[in-house]
Each structure stands twice: as structure tokens, then as C-alpha cells.
Amino acid sequence: MQVPAQVEYERAASVEHAITLLRRYGPAARILAGGHSLIPMMKLRLVQPDVLIDINGLTSLCYLNLADGQLRIGALTRHAQLLESRLVGEQFAILHDAERVIADPIVRNWGTIGGSLCQADPSEDLSAAFAALKGTMIMDGPDGTREVSAREFHTGPYETVVGPAEVLTEIRLPLLDGGGSAYLKVARRAGDWPVGAAGAAVWLAGEVITEAGIGLTALGATHFAAAEAEDYLRGKPASAEHLARAGQIAAENCRPVSDQRGPADYKRHLASELTSRVLRQAVSRARPIRPGR
Amino acid sequence: MKVTVTVNGVEHARDVEPRLLLVHFLRDDLGLTGTHWGCDTSNCGACVVWLDELPVKSCTVLAVMADGRRIQTVEGLARDGRLDPVQQGFAACHGLQCGFCTPGMMLTARWLLDRDPCPTPERVREAISGQICRCTGYENIVKSILWAASHDG
Amino acid sequence: MTADHAYGPRARKEDARFIRGQGTYVDDITLPGMLYGAILRSPLAHARILSVDVTAALGHPMVEAVLTGADLARRGLAWMPTLTGDVQAVLATDKVRFQGQEVAFVVARDRYTARDALELITVEYESLPPVIDATTALDPGAPVVRDDIPGQAGNRIFDWAAGDRAATDATFAAADVTVGCDMIYPRSHPAPLETCGIVADMEAVSGRLTLWCTSQAPHAHRTLFAMVTGVPEHKLRIVSPDLGGGFGNKVPVYPGYLCAIAGSMVTGRPVKWVEDRSENLMSTTFARDYHMHGEIAATRDGRILGLRARVLADHGAFNAVAVPTRYPAGFFHIFTGSYDLQAAFCEVTGVYTNKAPGGVAYSCSFRITEAVYLVERLVDLLARELGLDPAQLRLRNLLQPEQFPYTCPTGWQYDSGDYPRALALALDIAGYDDLRREQADRRARGEYMGIGLSFFTEGVGAGPREHMDILGLGMADGADLRVHPTGKAVLAISVQTQGQGHETTFAQLVGHELGLSPDDVDVVHGDTDRTPFGLGTYGSRSTAVSGAAAVMAARKVRERARLVAAAMLEVAADDLEWTSGQWRVRGDPEQALGIAEIAMAAHSSLRLPAGVEGHLDASAVYNPPNLTFPFGAYICVTDVDPGTGEVRVRRFIAVDDCGVRINPMIVEGQLHRGLADGIGMALMQAIVFDQAGNCLGGSFMDYLLPTAMECPSFELGATVTPSPHHPVGAKGVGESATVGSPVAVVNSVVDALAPFGVVHADMPLTPASVWRAIQGRPLRPDLVRD
């Protein structure tokens, strides 16, 4: 088996301590959470940090809370905890749909939500789910706490806005409040990275879509979102034909790359197909607000 | 770095490099070779052990991350010389051939049955879906785990 | 005979250590003073080596030695023979010829340092254009891979043919219908869960070299290592400990083994080398990579007349296939299949490319996987062309029981079979007619399910030494049996289990012959110091050949026991008959003796007749008179989502006939594995390259293996047609399901896609592949184009 290069190691006693360590060591330091994105890269020596700052002891970053009409997810929450949470399953079917097909059950035991988001792999599923849910990321740094929308969190493959001395601490998701959500993924095999995936959240008033969030994974969508398709759907009836058209628009506006998982034309087709399917499923799960209320 | 790890109920203190993988710590430093490895990319699951009662892939965990924690390996499955029902099930139902994936499969099975004493075959397959077997086609592994479920004390 | 020593399902003796995590695999072995090796590999597929600078690596305080091709060349070890009579570089000297080829070897105090030290070696390469696409390897002006071979002008390795070309051409010319198809059996890899490795211990004073090695053929390897290293064979010991799977991957000798040996010779200490998974996938023997054009000729009412095939075989950079010498394309010419043909002809051209060497591995029964794939795809294509049901077409053409022993148009003599019965049983288990009705209903609703058949005959148990050898070693195998005075037996065999359960099945074989419980028969294997010579385990030959040797040895012991028993009972030897596990006096059955009592007497002071020695030991070397021919009928049911291209295997029915089954539980375990192999190869497994020769299947992230989620619960059936020439009628079964299953899955998916006009699609049928097939723009599975 391949093994990492030599590295130094510090254990953070608190978020503040982690920030202090990040400032001390600079960009050669990396936060170590579950390690299930970072350690595989280190073993293949694609990434060779000088120092690891282990935050696994910061159990205060591991939580799932409802507050102020939001679900607040501590960044150190393990994937398995998100999947096991009944609260999350009831409020956000999209997250359970996604978690069920992220990696495998053993990896989910230790990999963290924050770790996956900060790895920022274009094929990472929760990025699209949080984009569809229009979530917010909270970061702590030397200059205090700041918020960034999920749709502005990623700046490119494997790149986020998290600063060199910042720590992602929390993800906030507005409760769906009657909206329906779903996530659908195509992979070559259980546990494989997606060839393509789509997540959606929709809100209905009667038959009409009042708001929609659509996220796309591994399909070259800007910020993992299908904004043009969302704009199209706002105010339209949730008919099969409109949902299909939304799928087409999503496909027109993404730039998938050909690779071993599939050629670009197939992925573009998946963008369309999965978007319309996931919208149909989200619509079927929505509890429409009666018009006139 | 000094680490103290409790493995199968026994405390071990060692000085290790931060980069040392938990699987190598168990195999090479502690001589517990029942935990295996089979890939470079955290896919195969031959290295599964329990870390604080959770199955993890020990090839993707650093030994230093296990400091102060509890590990269980296949060597700790039997209690007082008595085989765990999972071990008995694998032997009774031909759930192993070359034996290389077996320790990891059994530890995942034990964890599953502790939480879900009567799993469906589908649930069993899902629970082991992160682990590869090249010999059995999984058929008898599933049978072995269901046997253990119906023979758990 | 009590049930205890009859054939039948029984729990395995070897499980006791494995369920406790007490197996001993090569990486579990630690010797005092042991060092660790690591290999520096080429990042380029084809390049000249300009310089290799190891100074910095040698300067590392924990590095004990560094070897380059030049160092090995000084010792005559830079090149080694392959199993096919070619040579392969141990460490590259002039050029590198595939991505991942071995260039330097570091020996260090621990495995982490060995890995670090690789980065301290600087190699200067001059990149050369590579040959990656086998179909262009013979183009004029193609880069020459093997310019090291004197007189090698291009990339052709061999041309080989079997059958009657003229008769086949005539049959095709006169036929009502002919159908042809191009199909690729893409490169895949056996990928046993344990990678290959070795601990080499050269003792300078005694001159003994001991190797703990992942070897499926310890004795053949010992002979080969002796010839290559110069260590005399009687001072060379190979111990193949527990193996974590083999599937043919552990048949060849790899450069890493020789590097470790050289490392031990240089440092005077044991050296361990165990490869990474990426090394395993990129450099050890791959499987398949056959580019085939097949044709089938028939009458309009569905009588198959002939088969014709032309194959381009990609062998990689060195010809290192593990095949009997006279068969460069292995047993591919059994592509005549299970049908009564008038004529058949095939030709195979082997070529070099800038990829890892190999080709025969992964339960292929020496290329029978390729042959069965071709013929069973062609039969389905014919069914489609004629508008006939694929099951009916097969039933109409299968060989009939009275035709056995049957000599096929390319010369194989199939030993025994009742083919229609096996197919009928499979159709019955599947509920075939109901499935076809369901398929029609679903199609009307816009849902797509497929039903795919495969009927295969394969030939295993190589083989008669007069025409089957590997590197001049005839493919016979031995067994040594000793019965101790208290009636406990030890059987030493020459084959090497990698999970097949030999410690149990061979004990059952001997127990059956001698009336002993299998618990009283210990099976010793894997250590060349303790076992007789043989060619090892692959090609499903253990039961067929070594099992036969064990039976012959046991029968010799039984006959010797007869003579001792006669002396004990003071009767003539001819007055004794063997019934229910004992020698009994004919007509006076109360006078009976079992082997245990006879063993004690043999070693006692009992007076023995002249010429009878006082022991119950015997040896046998079995030279099989022919291959054995297991067969089977498989049916695969799939559901396909045309919107995404996803395929789900809903059911897999497999009826197998491997002759007499010694332990049906173990037989079924072997079949389950092969069926999973079929799903993997048909839907997801392939070692893919890009145009620059980069291997894109170098990890389990890209070389995908099926999990428990992709496999249904398999439905097995059995028929038993004993082999007429095997001492107990067994045929061998280890590879059958891998041979028969992939084409059943492909036939199923193509069947599902019939309404879209899809006639053929190459494996692996990933979602992208299936969708593109539906669009009429199929993907080439083995090569990614920019």
C-alpha cells in the first residue's frame, strides 16, 4: 500500500487553537478531520502538507441542531450521523438520498461533512445538495466569523473560499417548510464517484412552483447549481413538460468533461434526465401551500 | 509522537511517526496481522477494524488519530476462547475461501448485528458494500451473517 | 463406509485459522534483520533511458542498497525468461516499454523509508511514440516495441491457426445465412485481494535461498528461479504460505521477486517486497485483450454449420502468457463451443504493445473465456438474425449425449456430457417462458428487461505431458501419501490452493479411498521441501490432475494394505474385497480390517510375504490422458434503464456439470465467485489506456470490482456427468463460472436493448456505454481518445 510522506502533527484543543496553529504554519498546514479525503491524497503523495492540525477532538463541532428556522450542521459531523438522523431525514429527504450513495457505509463512519466540502472535489455530492438547499457556510478565522453562501463557497476544482487561517465550523440550511426535495445519482457501481447527479428542492403554491433549487454534481455546473433552470421554473406549473424543459436548460448551461466515467455528451444528457427526474420526485414530496393563504 | 491505544482491551504505548497508518501500527508495531490491506485508495475494506466501536478503514486513519481511543481487531472477536457467532457463522456457511477479506467482513457483521439483530439480506449487502471479496461472490458471506443473526446468544 | 468419509458438503478444515485472523500471508512474515524493498517504475509507456542517478538514494541513512538495470546486468540478472520463451526485463536497461515498468529497486530498513527513497532516484528519459492501440501495431511504420530482439522488424509475435480453412470457407460460401461481428474482450485484471509479494532470504554460508512467495506453482517457480539465479535447485526452497486469492495473477514470475532475491544477495539479509495495488494493476499479468472478428454460418431454419474467427491478441510489451508451449493462443480453438458443427477455422495473431505483459490469467482456462464469449455472442446474433428464440436455437444445435466422446473440428476430444439436460434444467429453474412473457408485457409499458443465455464447454486439467508443457516441464502433478502407524494420514500435494479448499477436498478424496475420516488426513502443500513436483494450480487443474494423483496414491496404499491384511488374516490376497471402507474376507464379512489397524500391523513385527515392505506409503505422478470438459448453462436476467443506461442484474441462474462433486459446498462457492466475475467484467471492469499509454485502471477507484450490491442471490443447479477418464469422475470447476458468465450478462443487456436496434455492445457495459449503444454511437471500451 502507498504511504504518506513525512509530516508534522499538532492536535487542536479548540477552534481558536486551530486558527492559531494555521497562522503559525501557513499554507503548508492542513486541517485533519475525518481524513478520508486528505489521507488518501497524502498516500498517493498528490498532496504533501508539512503539518497536520488534527481537529477530531473538537467534539463541540459535531452537532445537528434546529434553531431559528434553520438546520445547523457542525462541520465535524460524520456522514453516518447525518444519515442516521431522523430529524434530517424528515426535514431534508435530499440529504438522506445523497448520503445513502456517498462513498460506502464504513467511510461514512469517519468522513466528515466539513472535510468533504473543503476537499471540494467536483464530484462531491453534498456540494450540490447544499447548493440546491441554498445553504450558508460559516467560517471562523483570525478576523472573526463570516458567512458565505453555499453557491459562492467553491472557486474551482479543489478550491474554496476558506482562507489559509480559517476553519469551516458550520453549515446552515433553511428548513424546507413544506418544500419537497430529492437527490439522484448515477454511478458505475455502488460507492463509486458519480458519473453525474442532481439534487432538487421545490416549493409549491397549489400547482405552481414558487421557488426551486437545483444542484448538479460532476457535470460542470457553475457552483454546482443550475441557476438558469431554477429561474425558468419560478412561477411555472409543476407539469411534466415544464420539469423536462428545466432539465434541458440545466443541460444547456453545464460544461461536463469527458473522462473515464463517460463522454461529455452522455453527461450532458444525464444533466437533463436527472434534473427532470429529481424535480418530479421533489414535487411529489412537496406539501403545497394552498393558494390564497 | 507518543500514542496510547487500547487494542482488544489491552493498552499499548508506542512512539510513532505521525504519518504511520493505523493498519501498519496494528500489523507491524503490535504484531496483529489479522488485519489486512489490499488497495491504495480506501476501496477494498480488507483493513476494517473498530475505532471506538465504529468500523473504519484503518488504512485511512493515522495511528496518532487513535491516541486515547479503543480499537478492536479480528483477534479480539473471540471471548475467553469462545468464537463469536459471526465467526461460527462464517465457518458454518462457507463464508470464506482465501480468508483475506474475512476479518474485515466479520467486524462489520458484528457491528451490524449489534445494532440490527434481524437484518434483511438487502440490509446485510448494504452494510458490506464498502468491502470487496474476490472469492465468494458475497453469496455465502450474506448467508453467514444471517446465520449469525439467528444464532446470536 | 460411514457418511463421515464419503463425498459431500463438509465445513472446511482451513477455516479454523482464518476466522481467528491467524492466516499467514506473505506480508505477515517477519524475519530477523529483514529489510524492505520498493520499486521505482517508469511513468512513461515508451522511452529510452538516458541516465539513472541513485546517489541521493544511496546517501539516505536508512537505505541499505539500490539496484539498477546496470547492476543486475553485471550479475546476468537484468533479463529473465518468461513462461512463453520470451525474455522480460527485470530492471530496464535500454528502454522502458510500458508505463509502470521496473527501473530501480531500493532496499531500506522499513517500508516507509523504501517508499521515500524512490523519490531520491533521478531518471532521465527520452520519450518515444508508443504503440497502444493493438489494431495499429502492425501498421507499416509503427514504433517497434521489441527492438531488443535480434531480427524483430515489427510488433508481430506469432501467427497461429487451427481447424480447416478450406472446409470452413466452403461451408460459409454454401450457407443460407452468415452473420459476422467485431467484438472486443477488453483487458481486465484478476486483482486478488492480496497483492503479489515475496520475502527472499539468501543464506551466504549454506548457499540456501528460501523464498516465501505468492506462488500458485511453487515447484515450477523453483526450477525457474534455479535456472535464472544460478542457485542450485536442491538449495532452493519456496514456501507459498496462505494466499489471499490468485486467479492466475500469481502464476508468473515477476521482476520484483528477482529484485528481492538480488537485494538479499547483495545485503546478506532477508528482503521483503510486497507490491502496492497500483503496481499490481499496472504491471502484473493482465487478462484477455482479444480483438475478435467472428462469423457464424447456418441454414435458414437454424442449423449451425460453421464458425470462423480472426483474432488480434494484445500481449503487451513482453510475451509472458502462461500457456502450454504448443498453444500460443491457449485453448482458444475450443471456440467451436457446444454445438455439432461441420467446420471451423480460427487464426490468431499476437502483437506487442507498450503495455504490461501477460494475457492469460483470471480464470480464463487458457483463453476459453474469450472463445466462449465469441461463440455465445455469435449464437445470439444468429438467433436475432433468424428470428428464433436463443434457447430454442441452442437446443436445436447442442451436441447430443450419444455423440460423446466427441471430437470437434479443431481437434479437442470432449470427454462426456449431457448438454440438453443441463439447458433444460436451467430453463426450468429460470421459468424461462414466464420470463419471456414478462419481457413482452414490460416492453409494452416501456420497460426494458433482458434475458441472456450462455452455454459453454470448457477444457481443463492440463494436461497430457506428451503435448502440454510449460517451459519444457510436462504438466503432470504428483502426490505423496503416508499413513502413520496409528492410521493417521498425511497427503503432500504439488498444487497450491489460494482459497479453493484443498486442505478439505483432498482429505475427502483420500478419506473416500481409504475409509478414513477427512479429519484423519492432513494435507500439506506449498512448501517445495515437503511436497512432490508438479506444475501448480491454475486452469482448474487441481482436482483434475493433482486430485487424480492423490487418488492413485491412495489406491496404491489400499492395495499395499490388502497384502498386509491378507498376512494378518492368513488368507490369500485375492480372497479379500474392499467394501464399506475395509478389506473383508469374501463370504465371511465379519473378518474385516480397516486401514488404521492394518497400518499398525504394517509397522509391527507381523511376518510379511516376500516382496512386501512394512509401510503404507505411496507416491503417484498423474499424467492426464486428456483434458476434462466441464460444461454449463447460464441464464441472466437484467433490467435496463434506457434514460440513464444503468443495468441491474436481477437474477442469475447457473447449472453446472463438473462431473463428480467431492464437496458440493466448495463447488458452489467457486461458482458464486465466477458469476460475480461475469457481472464485473460485463458491467464495470476494464483496464483502460489513453493514447499516450497512461494506464487509467491503476487503482480500485477506476478498476471497479463488483460489491455485494451488484450481485443478486445466485440460483444454482447441477447435473453430474462423470469424466470417463478421471479416476473418480471429477472434472474440475474453479473457472467454469468465470468462463460462462460474462457473455450471459452481455447477451441479456443486448436482449433488453433489442427494441432500440442494438445488435451488439462491447463490455464493460457501463451506463455511458449502454446509453451510447442506444444512440447508435458505441464507445470503444479499452482506449480513451482525446
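This text goes with the structure placed above it.
Residues numbered from 1 in each chain as written. Chains lettered and ligands numbered in written order. Predicted model: local features only at pLDDT ≥ 70, side-chain atom pairs only at ≥ 80, totals over all residues. Heavy atoms only, no water.

Caption draft 1: Just the overall build of chain A, in detail. Of the regular secondary structure elements, chain A holds 11 helices and 13 strands. A compact globule built from 293 residues would reach a C-alpha radius of gyration of about 19 Å, and chain A, at 19 Å, matches this within 12%. Across its three principal axes, chain A shows a C-alpha extent of roughly 60 × 45 × 30 Å. Burial status across chain A gives 60% buried among its 293 residues. The contacts of chain A with a sequence gap of at least 6 include a subset with a gap of at least 24, amounting to 62%. When the accessible surface of chain A is summed, it comes to about 11000 Å², and 49% of that surface belongs to carbon and sulfur atoms. (Helix = DSSP H or I, 4+ residues; strand = E, 2+ residues; numbered from the N terminus. Rg over C-alpha atoms; globule rule 2.2 N^0.38 Å. Buried < 20%, exposed > 50% of the residue type's maximum accessible area, 1.4 Å probe, protein only. Contact = heavy atoms within 4.5 Å. Areas by Shrake-Rupley, 256 points an atom, 1.4 Å probe, with all protein chains shown as cover.)

Caption draft 2: The arrangement of the state of the cysteines in detail. Residues and elements named next belong to chain B. Counting across every chain of the model gives 0 disulfides over all chains. Cysteine 44 carries a free sulfur, and the closest cysteine sulfur to it, the one in cysteine 39, is 3.9 Å from it. Cysteine 47 provides the cysteine sulfur closest to cysteine 59, a residue in no disulfide bond, and the two sulfurs are 3.7 Å apart. Among the residues examined, cysteine 59 registers a relative accessible area of 4% and is labelled buried. (Disulfide = S-S within 2.5 Å.)

Caption draft 3: Spatial organisation of the sheet that holds strand 8 (residues 122–127) of chain C. Residue and element names in this part refer to chain C. The strand order across the open sheet built from 3 strands is 6-2-8, with neighbouring strands paired in antiparallel fashion. Looking at which strands have only one partner, the edges of the open sheet turn out to be strand 6 (95–96) and strand 8. Two strands pair when backbone bridges link them, and strand 2 (residues 47–53) and strand 8 are joined in this way by 6 bridges, in the antiparallel orientation. Residue serine 51 lies in a different strand from strand 8, and its bridge partner there is glutamate 124. (Pairing = 2+ DSSP bridges.)

Caption draft 4: Main features of the interface of chain C and chain B. Between chain C and chain B, the contact holds 53 residues from the first and 43 residues from the second. Of the roughly 4100 Å² buried between chain C and chain B, counting both surfaces, carbon and sulfur atoms make up 57%. Summed over the three residues of chain C that lose the most area to chain B, namely C:Ile19, C:Tyr112 and C:Leu193, the buried surface amounts to 20% of that side. Run the count over chain C and chain B and you get 5 salt bridges. Between C:Asp28 and B:Arg27 there is a salt bridge, and its shortest N-O distance comes to 2.8 Å. Summed over the shared surface of chain C and chain B, the number is 26 residue pairs in polar contact (both at pLDDT 80 or more). If you list the elements that add at least two residues to the side of chain C that touches chain B, you get helix 1 (15–18), helix 4 (111–118), helix 8 (277–283) and helix 16 (664–683) of chain C. The biggest single contributor to the side of chain C that touches chain B is helix 16 of chain C, with 8 residues. Grouping the amino acids of the side of chain C that touches chain B by side-chain chemistry returns 25 nonpolar, 15 polar and 13 charged. (Buried area = accessible area lost by both parts, 1.4 Å probe. Salt bridge = Lys/Arg side-chain N within 4 Å of Asp/Glu carboxyl O. Polar contact = N/O pair within 3.5 Å; in protein donor to acceptor, adjacent residues only side chain to side chain. Nonpolar A, V, L, I, M, F, W, Y, C, P; charged D, E, K, R; others polar.)

Caption draft 5: Representation of the interface of chain A and chain B in the model. Contacts between the two partners involve 32 residues from chain A, matched on the other side by 35 residues from chain B. Buried surface at the junction of chain A and chain B, summed over both partners, amounts to about 2800 Å²; 63% is from carbon and sulfur atoms. Three residues stand out in chain A for area buried against chain B, namely A:Met1, A:Ile106 and A:Trp110, and they jointly supply 27% of the buried area on that side. Along the contact surface separating chain A from chain B lie 4 salt bridges. Linking chain A to chain B there are 9 residue pairs in polar contact (both at pLDDT 80 or more). Those elements that place two or more of their residues in the side of chain A that touches chain B are strand 1 (8–11), helix 2 (38–43), strand 3 (51–54) and helix 6 (105–110) of chain A. If one sorts the elements of the side of chain A that touches chain B by residue count, helix 6 of chain A sits on top with 6 residues. Here the side of chain A that touches chain B is composed, by residue class, of 16 nonpolar, 7 polar and 9 charged.

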